[in-house]
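Okay, here's what each chain looks like letter by letter:
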Amino acid sequence: MQPVRVSIPSFRSENNSIEKGYTVFKIEVLMNGRQHTVEKRYSEFHALHKMLKKNIKPPEIPSKHVRNWVPKVVEQRRHGLELYLQTIIMENEVLPKIFLDFLNIRHFPSVPKTESCGSFDTESEESSKLSHQPVMLFLRDPYLLPSTHDTFSNVVIEGVIHGVFYPDLQPR
């Protein structure tokens, strides 16, 4: 089972007065049981391809020059782009960060795509390591007493610390 699955089920044409019409492809991404969609233009696929070529040998990307107004041609491009994304996933043990960013997938460094965090199936030490991301950031340790220059010390924290660590000590 692959933890990342992608498909491009549909596309739509966009027209506006500023630039000529273009096609937007709807990409469905399924990872670890969670699905989300991303919409990308062909130009974004092409930019991804150019960046991937710096790190890996990506598969061929469908031609840049096609008649966007012919539905059959756009359908062929949709299918080609879907195969392009699926081939990148199948041929790479570790998916490049730029590819994960393209699909709006949060990436965990050094976790191969075939490895599942928290899996009980394997006994290897490496697979049992989890990647932790900071959830909350404090500017200073919230469990320390306020600094001495703080004119209003926290009486509650001070009382709890004295009660827990110094139960025999009499209050001031």
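Residues numbered from 1 in each chain as written. Predicted model: local features only at pLDDT ≥ 70, side-chain atom pairs only at ≥ 80, totals over all residues. Heavy atoms only, no water.

> I'm lost on the overall build of the protein chain in this one. Help?
Within the protein chain, the regular secondary structure consists of four helices and three strands. In the protein chain, the succession of helices and strands from N to C terminus is β-β-β-α-α-α-α. Put simply, of all contacts in the protein chain between residues at least 6 apart along the chain, 41% involve residues at least 24 apart. Summed over all atoms, the accessible surface of the protein chain reaches about 13300 Å², with 56% contributed by carbon and sulfur. (Helix = DSSP H or I, 4+ residues; strand = E, 2+ residues; numbered from the N terminus. Contact = heavy atoms within 4.5 Å. Areas by Shrake-Rupley, 256 points an atom, 1.4 Å probe, with all protein chains shown as cover.)

> Quick question: what am I supposed to make of a nonpolar patch on the surface here?
On the surface, Val156, Val160, Val164, Phe165 and Tyr166 cluster together into a nonpolar patch covering about 560 Å² of accessible area. Tracing the chain through its elements places Phe165 in helix H4 (residues 155-165). Since its relative accessible area comes to 60%, Phe165 is described here as exposed. (Patch = residues over 30% accessible without salt bridge, like charges linked within 9 Å, V, L, I, M, F, W, Y side chains within 5 Å. Salt bridge = Lys/Arg side-chain N within 4 Å of Asp/Glu carboxyl O. Buried < 20%, exposed > 50% of the residue type's maximum accessible area, 1.4 Å probe, protein only.)

> I tried to follow a positive patch on the surface on my own but got confused; where do I start?
A cluster of basic residues, Lys50, Lys53, Lys54 and Lys64, forms a positive patch on the protein surface. Its place among the elements puts Lys53 in the loop between helix H1 (42-52) and helix H2 (71-91). For Lys53, a relative accessible area of 52% corresponds to the exposed category. (Lys, Arg positive; Asp, Glu negative; His and termini not counted. Charge placed at Lys NZ, Arg CZ, Asp CG, Glu CD.)

> Which parts of the structure should I look at to understand the sheet that holds strand S1 (residues 4-14)?
Strand-to-strand pairing in sheets goes through backbone hydrogen bonds, with the strands running parallel or antiparallel. Across the sheet, three strands lie side by side as S1-S2-S3; this open sheet has antiparallel pairing. Two strands bound the open sheet, and with one partner strand each, they are S1 and strand S3 (34-41). In this sheet, neighbouring strand axes are inclined to one another by 20° on average, regardless of whether the strands run parallel or antiparallel. Examined bridge by bridge, strand S2 (residues 22-31) and S3 share eight bridges and lie antiparallel to one another. Of the residues in S3, the one forming a bridge with Val24 is Arg41. Against the sheet, H1 makes contact with S1, S2 and S3, and its axis sits at roughly 100° relative to S3, the strand it touches most. H2 rests against S1 and S2 of the sheet, and its axis sits at about 155° to S1. (Pairing = 2+ DSSP bridges. Axes fitted to C-alpha atoms, helices over the stretch in contact; angles between N-to-C directions.)

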